[in-house]
Amino acid sequence: MKGKKVGMVSVGLTKFMRRAKETPKELAYYSAKMALDNAGITRKDVDGVIIGSAPDAFDGVHQKHEYLTDGSGGFNLPTMRGYVGGGTGVFSPIQGWYSVASGMNDVVLITTEEKMSTIQPSAQAGFLTIFDNMIERNLGPNLVWIFALEMKRYMEKHGIPKEHIASVSVKNKGNALDHPSAMLGQKLTIEQVMNSEVLADPVHLLDISPVADGAVSFVMMSEDKIKEFGIPLDQVAWVDGVGWNVDTTIWTNRDLYYPKYVEKAAKQAYNMAGQKDHSPETLRKWLSFAEPYDPFNYKELHHLEGLQLFGKGEAPRAAFEGVTARDSDFPVTPSGGLLGVGNPIAAAAGMKAAEVYLQLTGQAGKRQIPKDVTRGLAQAWGDLMQVGTVLVMKGGQVQ
Amino acid sequence: MLPTKRNAKHNSVREVEGSFPIHFHYTAGISTEKFFLGLKEKKILGNTCATCNFTYLPPKIFCEDCFAELGNDTYKEVPQTGILESYTEIYYDFRGDKLETPYFLALIKVDETDTMFYHKLIDTENPKIGMKVSAIWNDDRKGSIHDLNGFKGI
């Protein structure tokens, strides 16, 4: 591990839902304040602030970092915003790590926020603003359509039955029933997912995560500060490895069946943590669980393969057979994921990083993985389908 | 998309017409909703952080300095008078078109508040920084910033 040792010491999460009363800034304040309170510190103890939010189009204010600064606790402090689309929520704690590991800051407050409900006529109108404005935008793409192209390619390449992919919606929406921030925890059957409305073949309604508003914050600090504040190690998750990677920005030029950029980001993180053997069997023992990005059910599987946690084309059957259930040997998305908790873009991936912290510190309540957990991974995906961001953390008492 | 005049004239593909076709139903927010409801009733509402002894106008749900939550009991009606702290006379609009009638924008320190309030300065012949100003109300109030026509020198 390079640089100073950095620990996450608290998180704060709002409920994910249509937040008709609060502005984006007010949502950011609620989660930021919660994270500070949970760490037992105040804004006066913070020496750096990081804001993560996805396209400005969603909150409808450009330079959103400036708009969100006071709500995120950045008044009179060095403040920055990282932005890699959907990958932002995991990238923000990575920024927290390097700002502390570098010695630049000792105590950072990180907030990821998104408010998607105010945009009209729908969130997809906001996504339209991120496409190439010469060719693609004039053909009217939206994310459901282009992900349908990717999903079909993935299924075709490996001969994946749709039932195997649908099982991820059943698992994640079921897990979300135990998450207090969740907007769409549901007990479903594979048949219900299969029979839900077709949006863009092969994507059905229950294959997709719901649009939501929400915010998630974290406090991260150096080992010295953790000692100085007397924060017990069982409330700490150490950053073990980080990685991020960007593939070609021409999304049509990649073979969509496999996310190479996730592989590269993951291997960077594993190597940083000193884990040089990247075989799936070894990695599934080294990591106790994973929170891969699941805006669509097939993406969880796609990402598990990119993360080297399953061989190419092997994740769907494993999920279908229950290998990734919360009470199994290798739980995947114990939080309920974007599919169940909701998808306020940057905050959604922030929720995944928060779940790694909560599981490692035994604070996940009804979602707590029954076996001992020592090390977990959060991963997100973003920009225009070509960014992978990976964060590995380990428990406070793990050497 | 309609071609621009220039494209039509030169039969050129140098420019491609486009837009971001998005609209918003912005959430007013907890504090601004209260502020707008106040304006509708001809009241200017601010709120005070007791710890910092600092009054925000417009009100906020948190103190940006000490980060305390500012709850319902922190709101109060503030006076409708203040001091002109700065102003400018506007001659061109944001499109670059010359205005037929220039007008004044101002920063006003409303009495009993600690922040600067941005609005129009109206019906004031010889504006002077430091002069006292008073709020002028719109008769047709709907709960928006336009419920105030502006401030006038007194």
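See the structure above.
Residues numbered from 1 in each chain as written. Chains lettered and ligands numbered in written order. Predicted model: local features only at pLDDT ≥ 70, side-chain atom pairs only at ≥ 80, totals over all residues. Heavy atoms only, no water.

Participant: Talk me through the side chain of Lys394 of chain A; I want residue IDs and the actual numbers.
Facilitator: Among the structural elements, Lys394 of chain A can be located in strand S12 (residues 387-395). Residues in contact with Lys394 of chain A, not counting those within four places in the same chain, are Val236, Ala237, Trp238, Asp240, Leu360, Thr374, Arg375 and Gln399 of chain A. (Helix = DSSP H or I, 4+ residues; strand = E, 2+ residues; numbered from the N terminus. Contact = heavy atoms within 4.5 Å.)

Participant: So, the packing of aromatic side chains: which residues are in play, and what are the values?
Facilitator: Residues and elements named next belong to chain A. This structure, assessed with the given rule, holds 20 aromatic pairs over all chains. An angle of 85 degrees between the planes, with centres 5.7 Å apart, marks the rings of Tyr270 and Trp286 as edge-to-face. Within this pair, whereas Tyr270 is found in helix H10 (residues 260-272), its partner Trp286 is found in helix H11 (residues 280-286), the two being separated by 16 residues in sequence. Exposure remark for Tyr270: the relative accessible area of 0% places this residue in the buried category. We classify Trp286 as buried; its relative accessible area is 13%. The rings of Phe147, Tyr154, Tyr293, Phe296, Tyr298 and Trp381 are connected pair by pair, giving a single aromatic cluster. Sitting over the ring of Trp238, Lys5 keeps its end group 4.3 Å from the ring centre. The ring of Tyr83 has Arg81 lying over it, and the distance from NZ or CZ to the ring centre is 4.9 Å. (Phe/Tyr/Trp six-rings, centres within 6.5 Å; stacked < 30°, edge-to-face > 60°. Buried < 20%, exposed > 50% of the residue type's maximum accessible area, 1.4 Å probe, protein only. Lys NZ or Arg CZ within 6 Å of the ring centre and 35° of its normal.)

Participant: Run through the pattern of salt bridges, naming residues and quoting values.
Facilitator: Applying the stated criterion to the full structure yields 28 salt bridges over all chains. For the salt bridge of Asp56 of chain A with Arg81 of chain A, the shortest nitrogen-to-oxygen distance reads 2.9 Å. Of the two residues, Asp56 of chain A is situated in helix H2 (residues 56-59) and Arg81 of chain A in strand S3 (residues 79-82); the sequence distance between them amounts to 25 residues. If you follow the salt bridges from partner to partner, you end up with Lys25 and Asp70 of chain A together with Lys60 of chain B in one network. (Salt bridge = Lys/Arg side-chain N within 4 Å of Asp/Glu carboxyl O.)

Participant: If you had to explain a nonpolar patch on the surface to someone new, which residues and values would you point to?
Facilitator: A contiguous nonpolar patch, built from Met134, Ile135 and Leu139 of chain A together with Val16 of chain B and spanning about 420 Å² of accessible area, is present on the exposed surface. Since its relative accessible area comes to 40%, Val16 of chain B is described here as partly exposed. (Patch = residues over 30% accessible without salt bridge, like charges linked within 9 Å, V, L, I, M, F, W, Y side chains within 5 Å. Areas by Shrake-Rupley, 256 points an atom, 1.4 Å probe, with all protein chains shown as cover.)

Participant: Account for the interface of chain B and chain A, with residues named and values stated.
Facilitator: Counting from both sides, the interface comprises 22 residues of chain B and, opposite them, 36 residues of chain A. Counting the surface chain B buries against chain A, the share from its top three residues, Thr27, Glu64 and Phe67 of chain B, is 27%. Looking at the side of chain B that touches chain A, the elements with two or more residues in it are strand S1 (23-24) and helix H2 (30-40) of chain B. When its residues are assigned to classes, the side of chain B that touches chain A shows 12 nonpolar, six polar and four charged. (Buried area = accessible area lost by both parts, 1.4 Å probe. Nonpolar A, V, L, I, M, F, W, Y, C, P; charged D, E, K, R; others polar.)

Participant: Could you give an account of the sheet that holds strand S8 (residues 213-222) of chain A, naming the residues involved and the relevant values?
Facilitator: Residues and elements named next belong to chain A. The nine strands are arranged S3-S2-S4-S8-S1-S9-S12-S11-S10 in an open sheet whose pairing can be described as mixed. The two strands at the open ends of the sheet, each matched to only one other strand, are S3 and strand S10 (289-291). Each neighbouring strand pair of the sheet contributes to a mean axis angle of 25 degrees, computed without reference to strand direction. The sheet contact formed by strand S4 (residues 107-115) and S8 spans nine bridges and is antiparallel. For Val107, the partnering residue across the bridge sits in S8 and is Met221. Contacts between helix H1 (residues 24-39) and the sheet are confined to strand S1 (6-13), S4 and S8, with S8 contributing the most and set at about 35 degrees to the helix. (Pairing = 2+ DSSP bridges. Axes fitted to C-alpha atoms, helices over the stretch in contact; angles between N-to-C directions.)

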